[in-house]
Amino acid sequence: MEKDQVLLNDWHVIARAQELKPGAVLPKKLLGEDIVVWHDGTSIHAWQDYCPHRGAKLSLGWVNNNTLICPYHGLVFNTEGKCVKVPATPEITVPARLCIKRYQVKERYSLVWVCLGTPQHDIPDLPEWDDADYSKFVCGPYSFQTSSLRVIENFFDPAHIPFVHSRTFSNPNLPEVELGEAIEHPDKLIFKFGLWELDIETAKSELSKTFSNYELHIFRPLLPYYKRGNPEVNMTSLFAVTPVSEQECIAWSLTAFKGVHNMTYEQWCTTEAKILSEDRMIIESQRPSRLPLDLQAEVNLPTDRYSIVYRKWLKKQGVTFGCI
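All chains use their own residue numbering, which begins from 1 and follows the written sequence. Reporting in this predicted model follows two pLDDT cut-offs: at least 70 for local features of residues, and 80 or more for side-chain atom pairs to be given and counted; totals over whole chains, interfaces and linings ignore these cut-offs and use all residues. Computation of side-chain values covers all heavy atoms of the structure but excludes hydrogens and water.

Caption draft 1: Examining the pairing of strand E10 (residues 111-115) more closely. When you tally the buried positions in E10, you get 5 out of 5 residues, the bulk of the element. Relative accessibility thresholds used throughout: buried, under 20% of the residue-type maximum; exposed, over 50%; partly exposed, between the two (1.4 Å probe, protein chains only). Working definition: helices are DSSP H or I runs of at least four residues, strands are E runs of at least two. Numbering for both runs from the N terminus. Here E10 shows a buried face lined by Leu111, Trp113 and Cys115 and a second buried face lined by Val112 and Val114. Bridge count between strand E1 (residues 12-16) and E10: 4 bridges; the pairing is antiparallel. Bridging across to E10, histidine 12 finds its partner in valine 114. For two strands to count as paired, DSSP must find a minimum of two bridges between them. In the sheet, strand E9 (residues 102-108) pairs with E10 via 5 bridges, with the strands oriented antiparallel. Bridged to arginine 108 within E10 is leucine 111.

What follows is the structure, given as structure tokens:
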């Protein structure tokens, strides 16, 4: 299958930075490709998880003196991906072809991001991340056995919230949605809507209901961000979904709360896990699991204006991985 150049050239979260301590070697998969992520003691590297000698996985190897050792024949690869030693015949000139495909890697927001191609956009700036008035929480990973595009589309579907999330922060007796703009800008999509929510910290009673306004910015196909307020912004979240394969993905959330709130880091991540488990049950039941870009494939309703704009945008950009 031809590679999806759009997602290939995007940044994707691959791990928490704390997972990659010096000497760590982790097997990962991104866009169907096996990759090995490792820490040489100074910096983090992301390579194709494949030794060109006999095809063994380098992620089964280990780090020694700033090099990665292949587990099969002990071949030694330096940080540039070049084999610098063949233990069985150390006197030979190592063939130039004995090198590993390398990928670009960055650490930001306590997460490790990898790009398999040539980055066309940077990882988004989140101004609140440097604002002392905000408390910041990085939660995940959350696994889904479905297309990453299905997970993203659910993220900005306002009409599902009263029904899917009635046990956490909404109520089916408050289903009305105030529909706002759904506009394509040169560098992103912007969606706006309002809906009733319950105070997630204090009660599930309708007495705690609040009408919240959402403004979503879809920076990249798998990178939406929202600001929530009523009317002043009191919460933001970047939702990064990593496409493991066409029908498997991993979600991460970077949430910031402004001002006083009662949530600890552990409490918010537990709540986030509950919310996403509610989503998971429904999203993994959807058929087909890959997102249809043909607008006639499913029946559309007024609240689907956001998904219609999103699907048109995906098709216009040339996204093919995880959709039909």
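Picking up after the structure, the text goes on.
Caption draft 2: Structural detail: unusual backbone geometry. In this structure, proline 141 follows glycine 140 across a cis peptide bond, with omega equal to 10°. Turning to its location among the elements, proline 141 is positioned in strand E11 (residues 134-144). The residue asparagine 66 is not glycine, and still its phi comes out positive at about 65°. The backbone phi angle of tyrosine 109 is positive, close to 55°, even though this residue is not glycine. With respect to the helices and strands, the residue tyrosine 109 is situated in the loop between E9 and E10. Tyrosine 109 sits in the buried class, given a relative accessible area of 9%.

Caption draft 3: Just the environment of isoleucine 324, in detail. Here isoleucine 324 shows up in the segment after helix H5 (305-317). The exposure class assigned to isoleucine 324 is partly exposed, which follows from its relative accessible area of 49%. Between the C-alpha atoms of isoleucine 324 and serine 212, which are 112 residues apart in sequence, the distance is 34 Å. Sequence-distant contacts of isoleucine 324, that is, excluding residues within four places in its chain, are made with Pro288, Arg290, Leu291, Pro292, Leu293 and Asp294. Contact definition: two residues touch when any of their heavy atoms are within 4.5 Å.

Caption draft 4: Expanded view of the state of the cysteines. Two cysteine sulfurs form what is called a disulfide whenever their separation falls within 2.5 Å. Using the criterion set out here, one finds 1 disulfide in the structure. Through a disulfide, cysteine 139 is tied to cysteine 269; the S-S separation comes to 2.2 Å. Note on the cysteine 139 and cysteine 269 pair: the S-S dihedral is about -85°, so by sign convention the disulfide is left-handed. Remark: cysteine 269 occurs in helix H4 (residues 265-283) and cysteine 139 occurs in strand E11; sequence separation between them is 130 residues.

Caption draft 5: Region of interest: the pattern of salt bridges. Salt bridge, as used here: a side-chain nitrogen of Lys or Arg that lies within 4 Å of a carboxyl oxygen of Asp or Glu. Taken as a whole and judged by the stated rule, the model has 17 salt bridges. The residue aspartate 34 makes a salt bridge to lysine 57 at a minimum N-O spacing of 3.8 Å. Of the two residues, aspartate 34 is situated in strand E3 (residues 33-39) and lysine 57 in the loop between strand E4 (44-48) and strand E5 (62-64); the sequence distance between them amounts to 23 residues. Judged by its relative accessible area of 27%, aspartate 34 is partly exposed. Of the residues examined, lysine 57 reaches a relative accessible area of 38% and is grouped as partly exposed. Glutamate 215 serves as the salt-bridge partner of lysine 227, at 3.8 Å between the closest nitrogen and oxygen. Taken together, the positions of lysine 227 in strand E15 (residues 223-229) and glutamate 215 in strand E14 (residues 209-220) put the pair 12 residues apart, joining distant regions of the chain. Residue class for glutamate 215 comes out partly exposed when judged on its relative accessible area of 23%. Residues joined by salt bridges that share partners form a network here, namely Arg150, Glu153, Glu298 and Arg311.

Caption draft 6: Focus on the side chain of aspartate 49. Relative to the assigned elements, aspartate 49 resides in the loop between E4 and E5. In this structure aspartate 49 is buried but unpaired, with lysine 57 as the nearest side chain of opposite charge at 4.7 Å. By the criterion applied in these results, polar contacts are pairs of N or O atoms within 3.5 Å in which, for protein atoms, one can donate a hydrogen and the other can accept it, and in which residues neighboring in sequence qualify only through two side-chain atoms. In this structure the side chain of aspartate 49 is engaged in a polar contact, spanning 2.6 Å, whose partner is the side chain of serine 59. Leave out the neighbours within four places in its chain, and aspartate 49 touches Pro27, Asp34, Ile35, Val36, Ala56, Lys57, Leu58 and Ser59. When charges are counted, neither His nor the chain ends are considered; positive counts come from Lys and Arg and negative counts from Asp and Glu.

Caption draft 7: Region of the structure containing the layout of surface pockets. Considering only enclosed or pocket space, the second largest pocket measures out at about 420 Å³ in volume. In terms of lining, the second largest pocket is formed by 22 residues, of which the most central are Glu153, Asp157, Gln286, Asp304 and Arg311. Secondary structure elements with two or more residues in the lining of the second largest pocket: helix H2 (148-155), H4 and H5. Grouping the constituent residues of the lining of the second largest pocket by class yields 9 nonpolar, 6 polar and 7 charged. Each cavity reported here is a set of points on a 1 Å grid over the protein atoms alone in which a 1.4 Å probe fits but cannot get out, each pocket an open set with protein on both sides within 12 Å along at least five of seven lines, and each lining residue one with an atom within 4 Å of a point. Grid points are joined across faces, edges and corners, and a volume is the space filled by probe spheres set on the points. Note on residue classes: Ala, Val, Leu, Ile, Met, Phe, Trp, Tyr, Cys and Pro are nonpolar, Asp, Glu, Lys and Arg are charged, and everything else, Gly too, is polar.

Caption draft 8: Representation of the sheet that holds strand E2 (residues 25-30). Taken together, the 6 strands give an open sheet; going across it, the order is E1-E10-E9-E4-E3-E2, and neighbouring strands pair in antiparallel fashion. For this open sheet the edge positions go to E1 and E2, each flanked by a neighbour on one side alone. If you compare each strand with its neighbour and ignore which way they point, the axes differ by 30° on average. Where helices are involved, their axes are fitted lines through C-alpha atoms of the stretch in contact, as for all axes, and angles between N-to-C directions lie from 0 to 180°.

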